[in-house]
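Structure assessment
In case you want the letters, here they are:
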Amino acid sequence: MASLGQIIFCSMITIIILFSTIIILILSLTFSHNAPSVVTQNTFPVANLGQDHLLSCQIVDTEETTYTRVSVTWEKTGMQGFVYRYLYGGPYLENQNPQFEERTEVFPDALLRGNASLLLRSVSAEDEGVYTCTIDSATGGGKVNIRLRTAAYTAPTFTFSKGTMAAVADRWFPRPNVTWMDHNRKVLQATTSIQENSVGIFSVVSNLPQVTDRETYTLQIQNKLVTSISRVQLTDLNVSTSSYFSFSRAPPTLASVVPSIVAAVACVYLLI
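Residues numbered from 1 in each chain as written. Predicted model: local features only at pLDDT ≥ 70, side-chain atom pairs only at ≥ 80, totals over all residues. Heavy atoms only, no water.

1. Notes on the environment of L54
Among the secondary structure elements, L54 is positioned in strand β3 (residues 53-55). Given a relative accessible area of 47%, L54 falls into the partly exposed group. In contact with L54, other than residues within four places in its own chain, are F107, S117, L118 and L119. (Helix = DSSP H or I, 4+ residues; strand = E, 2+ residues; numbered from the N terminus. Buried < 20%, exposed > 50% of the residue type's maximum accessible area, 1.4 Å probe, protein only. Contact = heavy atoms within 4.5 Å.)

Here you go:
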C-alpha cells in the first residue's frame, strides 16, 4: 500500500509534467510568432464520395501578404510517387501517381497569397489516407499532415401525405442509424427501411405517422463519420425544412496525451 509521501510525490510529478508541457507550448508559440508556418483549416476532413473536395493548406506569415518563388508538393503516406507538385511557376507532374492523374490541382493566383489547397476531384474510397502538404517560398515554408476520411451523405427530402411524413436520403455510407424526435427531443416511433445497392451505398426511407400540424420534428441520420440534422415543420399541409451536417472529431493528438501517460506510469510504479 502506498505511503502518504509516495502519494504526494506522485501528485507533484503529475503537476510538474503538466506545467512543463504548458511552458513548452507557450515558448514555442512565442519564438515561432514571426516565422512562417503551414497550417490547415481541417486536419481530419470527411470527403463526400463521388464529389470534389478541397484539402486545405496555407502558409501563414504575419509579415507577408504576397509570396514569391512558391513550390508545393502534396504526398500521400504509403504511396509511390506524389499526389501533385507545383514548381517553377506551373504544375510539375513527372512521377505523379496514376491514381491522381487529371484529378488534382492547386490555384496559381491563390499561391501568391500562400494558399496551396488541393482540389481533389471525384473522391473515391481509395483516396482515404494521410496527406502531407509541403510549401516552400522565398521567405520560408513548412509542412502539415491531413487525415482524409471518406463517406457518402445527403440531406433527406420530405413529403407529407395522409398524416405521415416521409423522408428519403439516397446516399449514405457507412450504414447510418435513423432517429425521429419531437420538439422536446422525445424519440418517436417510425418505420424505417435502409437498403444497400450494388456498390455498397445505403439509401434511407423513413415514415413518421400521426404528424401534427404546426409541430416541429427533428430527423437525425447518423453514422460514425457524419450526422445529418433536419428540422421539419408542417403548416397547413406545407412542409418546411432545414438541414445541416456535422462531422466526427478525431481523437486527441499523441503530443497531448503523452504527459498524462508518463505521469500515470510513474504513479503506478510508485504505488505498487
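Next comes the rest of the description.
2. Side note on the state of the cysteines
Going through the model one piece at a time under the given rule, you end up with one disulfide. In this model C57 forms its disulfide with C133; the gap between the sulfur atoms is 2.0 Å. Judged by the sign of its S-S torsion, about -80°, the cystine formed by C57 and C133 is left-handed. In this pair, C57 sits in the loop between β3 and β4 (58-60) while C133 sits in strand β10 (residues 129-137), placing the two residues 76 residues apart along the sequence. This pair shows no difference in class: C57 is buried, exactly as C133 is. (Disulfide = S-S within 2.5 Å.)

3. A closer look at the nonpolar core
Note that soluble globular proteins tend to have their nonpolar side chains buried in a common cluster. C57, W74, V83, Y131 and I135 are the most contacted members of the largest nonpolar core, which totals 29 residues. When contributions to this core are tallied by element, the ones reaching two or more residues are β5 (71-76), β6 (84-87), β9 (118-120), β10 and β11 (140-151). Non-local contacts of V83, meaning those with residues more than four positions away in its chain, are made with W74, E75, K76, Q96, F100, T104, L118 and Y131. By size, the runner-up hydrophobic cluster in this structure holds 21 residues, among which are F158, M165, W180 and L234. (Core = buried A, V, L, I, M, F, W, Y, C linked by side-chain atoms within 4.5 Å.)

4. Observations regarding the pairing of β10
Regular strands have side chains that alternate between both faces of the sheet. Counting buried positions along β10 gives seven out of nine residues, so the element sits mostly inside the fold. Sheet topology note: the β5/β10 ladder contains six bridges and is antiparallel. The partner of T73 across the bridge, within β10, is T134. Of the strand pairs in this sheet, β10 and β11 are connected by nine bridges, and their pairing is antiparallel. Bridged to S137 within β11 is G140. In this structure, the hairpin formed by β10 and β11 is closed by a connection of two residues. (Pairing = 2+ DSSP bridges.)

5. Regarding the sheet that holds strand β17 (residues 202-208)
A sheet is described by the order of its strands in space; here four strands give the open sequence β12-β13-β17-β16, paired in antiparallel fashion. One side of each edge strand has no neighbouring strand; the edge strands of this open sheet are β12 (157-161) and β16 (191-196). Averaged over all pairs of adjacent strands, the angle between their axes in this sheet comes to 15°, without regard to strand direction. (Axes fitted to C-alpha atoms, helices over the stretch in contact; angles between N-to-C directions.)

6. Some details on the packing of aromatic side chains
In this structure the tally under the stated criterion is five aromatic pairs. Measuring from ring centre to ring centre gives 6.2 Å for F100 and Y131, while their planes differ by 80°; the resulting arrangement is edge-to-face. Of this pair, F100 sits in the loop between β7 (90-91) and β8 (104-105) while Y131 is found in strand β10, placing the two residues 31 residues apart along the sequence. When sorted by exposure, F100 lands in the same class as Y131, which is buried. Ring geometry for Y153 versus F247: centroids 5.5 Å apart, planes at 70°, classification edge-to-face. Taken together, the residues span a long stretch of sequence, with Y153 in the loop between β11 and β12 and F247 in strand β20 (residues 238-247) at a distance of 94 residues. (Phe/Tyr/Trp six-rings, centres within 6.5 Å; stacked < 30°, edge-to-face > 60°.)

7. Some points on the sheet that holds strand β2 (residues 46-48)
Spatially, six strands are ordered β2-β11-β10-β5-β6-β7 in an open sheet, and the strand pairing comes out mixed. Each of the sheet's edge strands pairs with one partner strand only, and the pair in question is β2 and β7.

8. Description of the pattern of salt bridges
Across all of its chains, the model carries four salt bridges by this definition. The partner of R103 in a salt bridge is D127, with the nearest N and O atoms 2.5 Å apart. Residue R103 is found in the loop between β7 and β8, and its partner D127 is found in the loop between β9 and β10; the two are separated by 24 residues along the sequence. Given the relative accessible area of 15%, R103 is considered buried. The salt bridge involving D236 is made with R214; its shortest N-O contact spans 3.2 Å. Here D236 is found in the loop between β19 (226-235) and β20, whereas its partner R214 is found in the loop between β17 and β18 (216-222), with 22 residues between them in sequence. (Salt bridge = Lys/Arg side-chain N within 4 Å of Asp/Glu carboxyl O.)

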